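# Coordinate analysis (summary)
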Amino acid sequence: MALYIIIIIFVTASSLFTDGKKSSHSFSAAYLLTYLAVVCLLGFSRDLGGDKMGYIEDYKYCASFFDNFQTIKIYYELQSLQRYAPLWILLNILCKTISPHSINLLLFIHAIFVNGVIFWFFKKYSTYKFRCLLLYFIANFFILNCETLRETISIALFLLAYPSFIKGKWFKYYLLAALAIGFHYSAILIAILPVIPNVKIKHATMLLMFIIACFAYYTINGFLISVSEVLSGSDGAMKSYSTYFSAGGNLNAFIFFQFIYVIFPYIVYALSKHTAARQKIVILNPMINRYFIAAPIIAACISFNRLFSYFSIFAIVVFINIVTDMKKDEIKHILSIIIGCILVIFFTNQYFRPYGYNLYRYDLFYPYTSVFDNIPTKHRATIHKIGISSGHYQRSDD
């Protein structure tokens, strides 16, 4: 617990004293220090998270490049049956070859790459990088780093591809998209995004997209469930898509997700019109415009809701830039903060989900456990098993 608090206090203090000011060596050193602390926190962690328990179990039986070809082939085929994408399987085999007894090498590689990209993205696209970090730690740090490990690598590759996206360097963009799909099949979204029209977002546009979303809710969900039944006997990518498509949904969920992922974000974005804040996010407009075109439909099709993870880091940058630079307009500033608080409460509320036996989802991450201590972690395996068997969640990274 102390480690979490120290990092949060340090980032909070840095956001107050350095954000928005001219960069200096001391500011850069503070940012680098935070990055190294995060990498060590995650790299040395032990049994932190629910899905990670499954990955640790998989790693025990993982093949290595020292095994014969037939053993590697059988392992690869078995992992493919679990809907794992090929590059994730190969990364595990490589790490097992170098570090046969501990998964921590894999965790270090993951932490170094994923958080390296996220820290770079915040620094490149926001003058308030520490505030972005603070919101990242509060809203989705544990999910991205301790649950959806495979998908998070794809998200990081998507962030790396964004400069190519806005410059129209499509060969490099689609090369990174292919790598992302190689780690998690949901990254097919990255390949589709350029096809979505880059339309300037207005109230009329959003109304039209909401009407289309209503149509999608009443038609596409049923169609996707039918498709999932057809694909249910498939392997690899098709099996993954079968799982995504099988999610149902109800009217309450439709309305709720439209508010969380579409209406509230659009209100904040609309409030920034004719303010200095809007100018700060011009470079992100190609993604913002496509998000508001796609989001109503994604929110309408419960099967696709996981795709919002790909926009989460963009959303943090946009929100922090808007809220920070709208201070001169008091009413708009207060409204944006209120909506931001509602969204943060929604995303953090998942940590308080009960699993019975006096266990909650936050028990997966608290207290912090590392390879250097002997704090019992059996309760985390219990939560993971209860969550899957009771239908509370599938593996978050499936």
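Residues numbered from 1 in each chain as written. Predicted model: local features only at pLDDT ≥ 70, side-chain atom pairs only at ≥ 80, totals over all residues. Heavy atoms only, no water.

## Concerning the overall build of the protein chain
When helices and strands are counted, the protein chain shows 19 helices and two strands. Here the protein chain holds 398 residues, and the buried ones make up 55% of them. By sequence separation, contacts in the protein chain at least 24 residues apart represent 76% of the contacts at least 6 residues apart. A total accessible area of about 18500 Å² is found for the protein chain, and carbon and sulfur atoms account for 70% of it. (Helix = DSSP H or I, 4+ residues; strand = E, 2+ residues; numbered from the N terminus. Buried < 20%, exposed > 50% of the residue type's maximum accessible area, 1.4 Å probe, protein only. Contact = heavy atoms within 4.5 Å. Areas by Shrake-Rupley, 256 points an atom, 1.4 Å probe, with all protein chains shown as cover.)

## Remarks on the packing of aromatic side chains
In this description, a pair of aromatic rings is defined by centroid distance and the angle of the planes. Applying the stated criterion to the full structure yields 48 aromatic pairs. Consider the rings of Tyr4 and Tyr368, whose centres lie 6.0 Å apart with planes at 75°: the pair is edge-to-face. Note that Tyr4 is positioned in helix H1 (residues 2-17) and Tyr368 in the loop between strand E2 (359-360) and helix H19 (378-389), a separation of 364 residues in sequence. Judged by its relative accessible area of 13%, Tyr4 falls in the buried class. (Phe/Tyr/Trp six-rings, centres within 6.5 Å; stacked < 30°, edge-to-face > 60°.)

## Some points on the nonpolar core
Of all hydrophobic cores here, the largest spans 119 residues; its most connected members are Phe122 and Tyr136. When residues no more than four places from it in sequence are discounted, the contact partners of Phe122 are Tyr31, Lys129, Cys132, Leu133, Tyr136, Ile313, Ile316 and Val317. (Core = buried A, V, L, I, M, F, W, Y, C linked by side-chain atoms within 4.5 Å.)

## A few points about the pattern of salt bridges
Between side chains of opposite charge, pairing is possible as soon as their charged atoms come close. Counted according to the given criterion, the structure contains six salt bridges. A salt bridge links Glu57 to Lys60; its shortest N-O distance comes to 3.3 Å. Here the residue Glu57 and the residue Lys60 both occupy positions in helix H3 (residues 51-60), the gap between them amounting to three residues, near one helical turn. Residue Lys73 is joined to Glu77 by a salt bridge in which the shortest nitrogen-to-oxygen separation is 2.8 Å. Here Lys73 pairs with Glu77, and both are found in helix H4 (residues 69-81), just four residues apart, close to one helical turn. By relative accessible area, which is 35% here, Lys73 ends up partly exposed. Note on Glu77: relative accessible area 39%, which makes it partly exposed. Through salt bridges with shared partners, a single ionic network connects Arg46, Asp47 and Asp373. (Salt bridge = Lys/Arg side-chain N within 4 Å of Asp/Glu carboxyl O.)

## Quick word on the side chain of Thr34
Of note, Thr34 is situated in helix H2 (residues 25-43). A distance of 2.8 Å separates a polar atom in the side chain of Thr34 from the backbone oxygen of Ala30. Not counting chain neighbours up to four residues away, the residues in contact with Thr34 comprise Phe10, Val11, Phe119, Phe130, Leu133 and Phe137. (Polar contact = N/O pair within 3.5 Å; in protein donor to acceptor, adjacent residues only side chain to side chain.)

## Description of the packing of helix H7 (residues 129-139) against helix H17 (residues 312-325)
Contact geometry for H7 and H17: axes closest at 9 Å, N-to-C directions at 125°. It follows that H7 is oblique to H17 by the angle criterion. Considering how the two elements wind past one another, H7 and H17 form a crossing that is right-handed. Residues Arg131, Cys132, Leu135 and Tyr136 of H7 form the contact with H17, whose participating residues are Ile313, Ile316, Val317, Phe319, Ile320 and Thr324. (Axes fitted to C-alpha atoms, helices over the stretch in contact; angles between N-to-C directions. Parallel < 35°, antiparallel > 145°, perpendicular 65-115°, else oblique. Left-handed = near helix turned anticlockwise from the far one by under 90°.)

## Section: the packing of helix H9 (residues 149-167) against helix H10 (residues 170-183)
Where H9 meets H10, the axes come as close as 8 Å, and the angle between the chain directions of the two elements is 175°. Viewed along their axes, H9 and H10 adopt a mutual orientation that is roughly antiparallel. For the pair H9 and H10, the contacting residues are Arg150, Ile153, Ser154, Leu157, Phe158, Leu160, Ala161, Ser164 and Phe165 in the first and Trp170, Lys172, Tyr173, Leu176, Leu179, Ala180 and Phe183 in the second. A per-class count over the contact of H9 with H10 returns twelve nonpolar, two polar and two charged. (Nonpolar A, V, L, I, M, F, W, Y, C, P; charged D, E, K, R; others polar.)

## Section: the confidence of the model for the protein chain
The predicted structure's coordinates, where accompanied by low pLDDT, should not be read in detail. Overall, the predicted model of the protein chain reaches an average pLDDT of 84, with 87% of residues at or above 70. No element of the protein chain has a lower mean pLDDT than helix H13 (residues 236-245), at 48, and none a higher one than H10, at 97. (pLDDT = per-residue confidence, 0-100.)

## Regarding the environment of Asn374
The residue Asn374 is located in the loop between E2 and H19 in this model. Residues Asn374 and Arg46, spaced 328 residues apart in sequence, show a C-alpha to C-alpha distance of 9.7 Å.

## Focus on a positive patch on the surface
A contiguous patch of positive charge, built from Lys124, Lys167, Lys169 and Lys172, is present on the exposed surface. With respect to the helices and strands, the residue Lys169 is situated in the loop between H9 and H10. Look at Lys169 and you get partly exposed, because its relative accessible area is 47%. (Patch = residues over 30% accessible without salt bridge, like charges linked within 9 Å, V, L, I, M, F, W, Y side chains within 5 Å. Lys, Arg positive; Asp, Glu negative; His and termini not counted. Charge placed at Lys NZ, Arg CZ, Asp CG, Glu CD.)

## Quick notes on the environment of Ile9
Structurally, Ile9 can be placed in helix H1. Between the C-alpha atom of Ile9 and that of Leu134, which follows or precedes it by 125 residues, the distance is 9.4 Å.

## Overview of a nonpolar patch on the surface
A grouping of Ile331, Ile334, Leu335, Ile338 and Ile342 is seen on the molecular surface, where their side chains present a nonpolar patch of about 450 Å² in accessible area. Relative to the helices and strands, Ile331 resides in helix H18 (residues 330-349).

## Thoughts on unusual backbone geometry
Here the bond from Tyr366 into Pro367 is cis, since omega is 0°, no more than 30 degrees from zero. When you line up the elements, Pro367 lands in the loop between E2 and H19.

## Brief notes about H17
In this model, H17 (14 residues) spans 20 Å end to end at C-alpha, consistent with the 20 Å of a helix rising 1.5 Å per residue. For H17, the tally of buried residues reaches 13 of 14 residues, placing the bulk of the element in the interior. (Expected span 1.5 Å × (residues − 1).)

## A short note on the side chain of Asn321
If you trace the backbone, Asn321 turns up in helix H17. Beyond its immediate sequence surroundings of up to four residues, Asn321 is in contact with Tyr125, Ser126, Thr127, Tyr128, Ala277, Lys280 and Ile281.

## A short note on H10
Across its 14 residues, H10 extends 20 Å between first and last C-alpha, which sits within 8% of the 20 Å expected from 1.5 Å per residue. Taken residue by residue, H10 has Tyr173, Leu176, Ala177, Ala180, Gly182 and Phe183 as its buried positions. Considering only its buried residues, H10 is in contact with helix H5 (86-98), H9 and helix H11 (188-192).

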